[in-house]
Amino acid sequence: MNAERDQAMTGDFEPEQKRYLEGFVAGLQIARTASNIAGRGGAGPAAAPAAPEPTGPDAPHWRAQDQVTKAGGKLSDQEKFKRELHPFDGYEKLKAQAATNTPPKPDDNFRWRFFGLFYCAPAQNTYMCRLRIPNGILKAAQFEGVADAAERYGGGYAHVTTRANLQIREVEPKSAVALVEHIQDIGLCSRGSGADNIRNVTGTPTAGIDPQELIDTRPHARDWHFHILNDRTLYGIPRKFNVGFDGGGIIAVLEDTNDIGFSAVAVKDGFGVEPGIWFRLAIGGITGHKDFARPTGVIVKPSEAALVADAVVRVFIDHGDRTNRTKARLKYVIDGWGIDKFLTAMEEKLGRKLVRVPVEALLPRPPIDRLSHIGVHAQKQAGLNWIGVALPVGRMTVPQMRGIAAVAQQYGDGDIRLTVWQNFVISGVPDSEVAAACGAIEALGLGTHANALRAGLVACTGNTGCKFAASDTKRHADEIAAWCETRVVIDTPVNIHLTGCHHSCAQHFISEIGLLACKVQESEDGDQVEGYHILVGGGFGANAALGRELFRDVKAVEAPRTVERILKAYVANRTSPQESFLDFAGRYDDATLKAMCDREAAA
C-alpha cells in the first residue's frame, strides 16, 4: 500500500505538497497505532463520540425515541421510518413515484399517509386520499372541487366519514401528487390526515345556527386546525390522535370517543370560578379499545382550548409508547399513570395550574335529538333552516356532489356541513325555498327523510376498499336496513353500526346494535364466508355504554334476519314505545335476550 501511495504522489504534486501529504498520512498511522495500543492495554477501544443532541422541529420525537433505545427498547418499524426519512422531507420521492406510476413499498406507504394518501392494496391497488376539514364545514365551491378531483383522479365517487370528513378512493400512484395539489388549490388540504398525526378536527355540525347551542365551535376547531398545520413538532406523534369539540348543539359529535373531548358546559356561580360557558376536558377516548374519554374535573376557557390541547399532545409525545403499536394510543399512558399524574405533567407543560371544579358546578347539557341530522329544522336565525340529507352509508357520486353544491349555492348560504353520522347538512335555506331545495335533493336520488333505522345506519369502507376489513360492510348495511324496515315497525331511533375490523372505524361498540366483521367457517374443509359478531347495548354521550356480544359468527347472509329478530324482541318486550333500545337491552342479561330472540325466530 505504501508503494502505491508513493507512486500516486509522483509527478502530480509539487515537492511542498508531497511533504504535506506524507506528513498527513503519517499522522493518521500514528493515531491508529496509539488507539490499538490503548485497546491492548486494557483501557478498551476509544469511546465513540457522543451522539449530538437532536435539534430542529423533530427533536422532541427523536429525544423520545433515544430514551427508548438507551433503555434497551426496540423502536417499532414506523418509528424507524420517520427517523430514516421524515415524510415531509420525502415529497420529491413521492413525485418520482408518481412520475413512474410506482406503488409505494411499506415504508413509503406509511410516510405518504402524512399527505393523506393510503395505499389500499390488496383490496384496491390504488390510494385513498383523506382530507382535513375543520369542524366538517366547507363551501359549495370546495365541495364541487372535491367532486372534480374524484372524477379526474379517483373512482368517480367520495365517502363521508365518521369524522365528518371526505375521502376519495381509487387514486392511481401517477395521480397522487396532482390530487394532493388540487386539494390545496381549492383551499382544503390533506396534510397530516393519516398515520401518526392529529386527525381531522370535529365539531358541532350546526355550529352558529343551532337554537340550543352553548357555544359556536367553528372558531375553536379552526384555531386548533391551524395550530396543528403550522407546527411540525405536532406531526409524527406516537400514534393517531383525535380531538372533538361539542358546542351543546342538538346533533351529537361523539367527542367522548376522542383522545381529547372538549364539551361546552354552563358553569354556575358560587364555585370560585367565573360563571358562564367553558369547555369541560375529557381525555383518552378510544372506543375501539373499549374506553371513552375520561372526565378530568378540568374546565377550560374556550379561548385557551388550543393551548390546553397542545399540552396534552406534548405530554403524549414525550411518554407515548414507541415500541408497541397496539399500546401506543394516549389511553395507555393514562392507564399507566392515572389521571392525576397526567394532569400534573400537563401543568408542567403549561407552566400553570389547570382549573378544576366539582360536577355540581356544571349545568346539564342540552339534550340531543338523534334524528336532527336528517330533514328540515329551524335555525336560530329567524326564517332560515338547515336540511339534513340522508346519504346511504356515506357514499355519493360525482354528479350527486355537483348537484349538492348547486343546491347549497342556489337555496342555502353556500355551506355544506358534514356530520359524524356519514351525512351532511345544507344550511341557511329560507322558509320560502325549503320545498324547492328538498325537491332538488330528491332529484339527485337522495332524500331528506329517513326512518328510525336508516337515520342511525353507519358503515365503514369494508373489504371492497380496505385491506383490514373482513366483510363488505356498506353492502351488508344496506341489506340489513332494506330487510328490517319492511318487517319491523319502529319509531324510536335505533343505531346500527357495521365495522369491518378491530380498528372500529364505524364504532360498533357504541351502537345499540353493532356488527364486527369476521370470517365464518362454512365447511369442515375450512372454507370461510363473510360474517359478523353482533353486539347490543352500546351508547354515547349521557348514555355512554359499550356494547356486549350477543351472537357470534353470524354469516353475512343471515345477518338481516338476525337483526330482525333482535328488533322484534325489542318491540315485543319494551316497557313502552318510548323506551329506547339501550334501556331495553340494559334491563336483561344476555341469556334472557337470546331467549327473546329465539322466540321471535320461532314465531
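Nothing here was measured: the structure is a model prediction, and the numbers come from that model.

(A) Region of the structure containing the overall build of the protein chain. Secondary structure summary: the protein chain contains 18 helices and 21 strands in total. Principal-axis analysis of the C-alpha atoms places the extent of the protein chain at approximately 105 × 65 × 55 Å. A total of 603 residues make up the protein chain; the buried ones form 54% of that total. Expressed as a percentage of contacts within the protein chain between residues at least 6 apart in sequence, the contacts between residues at least 24 apart total 67%. Entry remark: accessible area of the protein chain is about 25600 Å², with carbon and sulfur atoms responsible for 52%.

(B) Molecular detail of the confidence of the model for the protein chain. Mean pLDDT for the protein chain: 92, with 92% of residues reaching 70 or above. Per-residue pLDDT stays below 50 along residues 1–13; that stretch engages in 11 contacts with residues further than four places along the chain or on separate chains. Across residues 15–28, where pLDDT falls below 50, the model places 8 contacts with residues more than four positions away in sequence or in other chains.

(C) How the structure looks around the side chain of D58. Within the secondary structure, D58 is located in the loop between α2 (15–43) and α3 (59–70). Those residues in contact with D58, other than ones at most four positions away along the chain, are H86 and R232.

(D) Inspection of the sheet that holds strand β16 (residues 424–430) at higher detail. With antiparallel pairing, 5 strands are arranged side by side in an open sheet as β3-β15-β16-β13-β12. Among the strands making up the open sheet, the edge pair consists of β3 (137–139) and β12 (375–378). Each strand axis lies, on average, 30° off the axis of its neighbour in the sheet, ignoring direction. When strand β15 (residues 415–418) meets β16, the two strands line up antiparallel, connected through 3 bridges. Paired with L418 across the strands is F424, a residue of β16. Contacts between helix α7 (residues 140–153) and the sheet are confined to β3 and β15, with β3 contributing the most and set at about 85° to the helix. Contacts from helix α14 (residues 434–443) reach β12, β13 (384–389) and β16, with the element oriented near 15° to β13.

(E) Quick look at the sheet that holds strand β19 (residues 513–521). Taken in spatial order, the 5 strands line up as β17-β18-β19-β20-β21 in an open sheet, and their pairing is mixed. Each edge of the sheet is formed by a strand with only one pairing partner; in this case those strands are β17 (457–459) and β21 (548–555). Across the sheet, the axes of successive neighbouring strands diverge by a mean angle of 25°, strand direction being ignored. Examined bridge by bridge, strand β18 (residues 496–499) and β19 share 4 bridges and lie parallel to one another. The residue of β19 that forms the bridge with I496 is I513. In this fold helix α16 (residues 559–573) packs onto β18, β19, β20 (528–536) and β21, with an angle of close to 150° to the strand it touches most, β21. Contacts between helix α18 (residues 590–602) and the sheet are confined to β20 and β21, with β21 contributing the most and set at about 45° to the helix.

(F) Region of the structure containing the state of the cysteines. Enumeration over the complete set of coordinates arrives at 0 disulfides. Lacking any disulfide linkage, C189 is separated from the closest cysteine sulfur, that of C129, by 9.8 Å. The thiol sulfur of C505 is not disulfide-bonded, and the nearest other cysteine sulfur, from C501, lies at 6.0 Å.

(G) How the structure looks around helix α12 (residues 339–350). Between its first and last C-alpha atoms α12 spans 16 Å; for 12 residues at 1.5 Å apiece the expected length is 16 Å, and the two agree. Looking only at α12, the buried set comprises I339, F342, L343, A345, M346 and E347. The inward-facing, buried residues of α12 contact β9 (276–283), β10 (294–300), α10 (305–319), α11 (330–337) and β11 (355–356). Downstream of α12 by a residue or two, G351 has a phi angle that is positive, lying close to 80°.

(H) Fine view of a negative patch on the surface. A cluster of acidic residues, E522, E524, D525 and D527, forms a negative patch on the protein surface. Turning to its location among the elements, D527 is positioned in the loop between β19 and β20.

(I) Region of the structure containing the pairing of β18. Burial along β18 is two-sided: the residues I496 and L498 and H497 and T499 are all buried. Sheet topology note: the β17/β18 ladder contains 3 bridges and is parallel. Looking across to β18, one finds that A459 is bridged to L498. Handedness of the β-α-β unit built from β17, helix α15 (residues 473–485) and β18 comes out left-handed.

(J) The side chain of T162, seen in detail. Secondary-structure assignment places T162 in the loop between β4 (157–160) and β5 (166–171). Looking at T162, its side chain comes within polar contact range of the main-chain oxygen of C505, at 2.9 Å. Excluding anything up to four places from it in sequence, T162 contacts V420, Q422, V458, C505 and A506.

How each quantity is defined
Residues numbered from 1 in each chain as written. Predicted model: local features only at pLDDT ≥ 70, side-chain atom pairs only at ≥ 80, totals over all residues. Heavy atoms only, no water. Helix = DSSP H or I, 4+ residues; strand = E, 2+ residues; numbered from the N terminus. Buried < 20%, exposed > 50% of the residue type's maximum accessible area, 1.4 Å probe, protein only. Contact = heavy atoms within 4.5 Å. Areas by Shrake-Rupley, 256 points an atom, 1.4 Å probe, with all protein chains shown as cover. pLDDT = per-residue confidence, 0-100. Pairing = 2+ DSSP bridges. Axes fitted to C-alpha atoms, helices over the stretch in contact; angles between N-to-C directions. Disulfide = S-S within 2.5 Å. Expected span 1.5 Å × (residues − 1). Patch = residues over 30% accessible without salt bridge, like charges linked within 9 Å, V, L, I, M, F, W, Y side chains within 5 Å. Salt bridge = Lys/Arg side-chain N within 4 Å of Asp/Glu carboxyl O. Lys, Arg positive; Asp, Glu negative; His and termini not counted. Charge placed at Lys NZ, Arg CZ, Asp CG, Glu CD. Right-handed = clockwise from strand over helix to strand, strands pointing away. Polar contact = N/O pair within 3.5 Å; in protein donor to acceptor, adjacent residues only side chain to side chain.

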